[in-house]
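One letter stands for each residue in the lines below.
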Amino acid sequence: MCSKTTVAPLDRIKILFQAHNNHYKALGVWSGLNAIRKNEGFFALYKGNGAQMVRIFPYAAIQFTAFEQYKKTFKTFLGTDTVLGTFAVKFGAGACAGTTAVTATYPLDTVRARLAFQVKGEHKYTGIIHAFKTIYKTEGGLLALYRGFIPTVCGIFPYAGCSFYSFETLKNLCMVYLPSYTCEECAENTGGLVLILPAKLVCGGVAGAVAQIVSYPLDVTRRRMQLAMMNPETAKFAQSMLGTLAMTYKENGIVRGLYRGMSTNFYRAGPMFAVSFSTFELMKQVLGLDTGSS
């Protein structure tokens, strides 16, 4: 919740860019944010963030809890005696945790995207409940709320896997090779050391950037499918993942199509993951659950 609120304005402009909103598609990141503020008001920068908060609380809780549980299970079967085993445990646990969380909360992500895509004077939904009811009744029931789910799962596996693996690896490298610069002693931690806040922020930011590059085209596909039924001319993107990928590439290419809004993502990924992982590590430490490097 902390991390998503921090980058909510960047999240909204990213969604507008990804789905080629007519009012903002010709603008850049900062000019787009300024245009939202001027045209729709300051609080429009946070449009859709209410639904995001409703979604992110169970999503992040499930993801981080599942990661710890999957990691323990994978360690039992795969071990961490080799580099490959360590990679399999951390990447696999992160990927499975992300998939579990997104499956449980996906309808809320669809609603959040719809609310964030609306612009002043063109509102189709009045709020979270209204959006749920409208999509459910007019677009085909529960399946409509899960439109874009397949590319999401395909993307979340490398996305969550890379982010958790990168963070855990960077954290361990800091503890092993740079403890005097990146760590401080902690009596409550059985490992004896914890990362200081700047180190957590850097490790989290780098982990987020790596994960975004790997999975971004599927994120664009997810958004175009989620928002396809917002108007008739984009309804063609509602059919299939491969069809949406192909049409996006054909119409807009790689940079302006499959990686549309990527620059925004770099601005938001660093602080979002930095705050997210730092908060997670801090909460573990406060609750006495941090066991040092693993």
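Keep in mind that this is a model prediction, so the values were computed, not measured. (Residues numbered from 1 in each chain as written. Predicted model: local features only at pLDDT ≥ 70, side-chain atom pairs only at ≥ 80, totals over all residues. Heavy atoms only, no water.)

Colleague: Could you clarify how one ought to interpret the pattern of salt bridges in this entry?
Modeller: Should the charged atoms of two oppositely charged side chains come close, the side chains can pair. Tallied over the entire structure, the rule returns 13 salt bridges. When the shortest N-O distance is used, the salt bridge between Arg114 and Glu139 registers 2.9 Å. In this pair, Arg114 sits in helix 5 (residues 83-117) while Glu139 sits in the loop between helix 6 (128-138) and helix 7 (142-145), placing the two residues 25 residues apart along the sequence. Glu139 carries the same exposure label as Arg114, and that label is buried. Ionic contacts of the salt-bridge type, sharing partners, join the residues Lys14, Arg55, Asp109, Arg112, Asp219, Arg222 and Arg223 into one network. (Salt bridge = Lys/Arg side-chain N within 4 Å of Asp/Glu carboxyl O. Helix = DSSP H or I, 4+ residues; strand = E, 2+ residues; numbered from the N terminus. Buried < 20%, exposed > 50% of the residue type's maximum accessible area, 1.4 Å probe, protein only.)

Colleague: Sorry, what's going on with the UniProt feature "repeat: Solcar" (unreviewed entry) in the protein here?
Modeller: Here the UniProt feature "repeat: Solcar" (unreviewed entry) sits at residues 1-73, 85-173 and 199-286. Structurally, residues 1-73 comprises 73% helix and 0% strand, and the distance from its first C-alpha atom to its last is 27 Å. Structurally, residues 85-173 is divided into 82% helix and 0% strand, and its ends, taken at the C-alpha atoms, are 17 Å apart. (UniProt positions renumbered as here; feature names shortened; annotations may be inferred.)

Colleague: Explain the packing of aromatic side chains to me, please; I cannot follow it from the model alone.
Modeller: Each aromatic ring pair is described using two quantities: the centre-to-centre distance and the angle formed by the ring planes. Summed over the entire model, instances satisfying the criterion amount to 12 aromatic pairs. Ring geometry for Phe64 against Phe164: centres 5.7 Å apart, planes inclined by 75°, an arrangement best described as edge-to-face. Of this pair, Phe64 sits in helix 4 (residues 49-78) while Phe164 sits in helix 8 (residues 149-177), and the two are 100 residues apart along the sequence. Residue class for Phe64 comes out buried when judged on its relative accessible area of 12%. What makes Phe164 buried here is its relative accessible area of 2%. Summarising the aromatic geometry, the rings of Phe64 and Phe280 are spaced 4.0 Å apart at their centres and angled 20° between planes, so their arrangement reads as stacked. Here Phe64, found in helix 4, pairs with Phe280, found in helix 13 (residues 262-286); they are 216 residues apart in sequence, far enough to count as distant. Sitting above the plane of the Tyr59 ring, Arg55 keeps its charged end 4.6 Å from the centroid. (Phe/Tyr/Trp six-rings, centres within 6.5 Å; stacked < 30°, edge-to-face > 60°. Lys NZ or Arg CZ within 6 Å of the ring centre and 35° of its normal.)

Colleague: When you look at the environment of Thr182 in this model, what are you seeing that I'm missing?
Modeller: Among the secondary structure elements, Thr182 is positioned in helix 9 (residues 179-182). For Thr182, a relative accessible area of 11% gives the class buried. Remark: the alpha-carbon pair of Thr182 and Ile156, spanning 26 residues in sequence, is separated by 29 Å. Those residues within four positions of Thr182 in sequence are excluded, and the remaining contacts are Cys174, Met175, Val194, Leu195, Ile196 and Ala199. Within the structure, the side chain of Thr182 is placed 3.2 Å from the backbone oxygen of Cys174, a separation counted as a polar contact. (Contact = heavy atoms within 4.5 Å. Polar contact = N/O pair within 3.5 Å; in protein donor to acceptor, adjacent residues only side chain to side chain.)

Colleague: Got a minute to help me understand unusual backbone geometry in this structure?
Modeller: Across residues other than glycine, the phi torsion is negative in most instances, and most of the peptide bonds are trans. Even without being glycine, His20 reaches a positive phi, approximately 55°. Mapped onto the elements, His20 comes out in the loop between helix 2 (8-18) and helix 3 (29-40).

Colleague: Help me out: how do you make sense of the side chain of Asp109 in this one?
Modeller: Structurally, Asp109 can be placed in helix 5. A polar side-chain atom of Asp109 sits 2.6 Å from a polar atom in the side chain of Arg222. One polar contact links Asp109 to Gln226, side chain to side chain, over a distance of 3.1 Å. When near neighbours in sequence (up to four residues on either side) are disregarded, Asp109 contacts Arg55, Arg222, Arg223 and Gln226.

Colleague: So what exactly am I meant to see when it comes to a nonpolar patch on the surface here?
Modeller: Together, Leu173, Val176, Tyr177, Leu178 and Tyr181 make up a nonpolar patch on the protein surface, roughly 590 Å² of accessible area in all. The element contributing the most residues to the nonpolar patch is helix 8, with three residues. Within the element layout of this structure, Val176 appears in helix 8. (Patch = residues over 30% accessible without salt bridge, like charges linked within 9 Å, V, L, I, M, F, W, Y side chains within 5 Å. Areas by Shrake-Rupley, 256 points an atom, 1.4 Å probe, with all protein chains shown as cover.)

Colleague: Got a minute to help me understand the packing of helix 4 against helix 8 in this structure?
Modeller: Helix packing geometry: the angle between the two helix axes and the distance between the axes. Remark: helix 4 packs on helix 8, axes separated minimally by 13 Å, with the N-to-C direction vectors making an angle of 65°. The angle between helix 4 and helix 8 places the two elements in the roughly perpendicular class. Helix-helix and strand crossings are classified by hand; for helix 4 and helix 8 the assignment is right-handed. Here Tyr59, Gln63, Phe64, Phe67 and Lys71 of helix 4 come into contact with helix 8, specifically with Ile156, Ala160, Phe164 and Glu168. Looking at side-chain class alone, the contact of helix 4 with helix 8 contains six nonpolar, one polar and two charged residues. (Axes fitted to C-alpha atoms, helices over the stretch in contact; angles between N-to-C directions. Parallel < 35°, antiparallel > 145°, perpendicular 65-115°, else oblique. Left-handed = near helix turned anticlockwise from the far one by under 90°. Nonpolar A, V, L, I, M, F, W, Y, C, P; charged D, E, K, R; others polar.)

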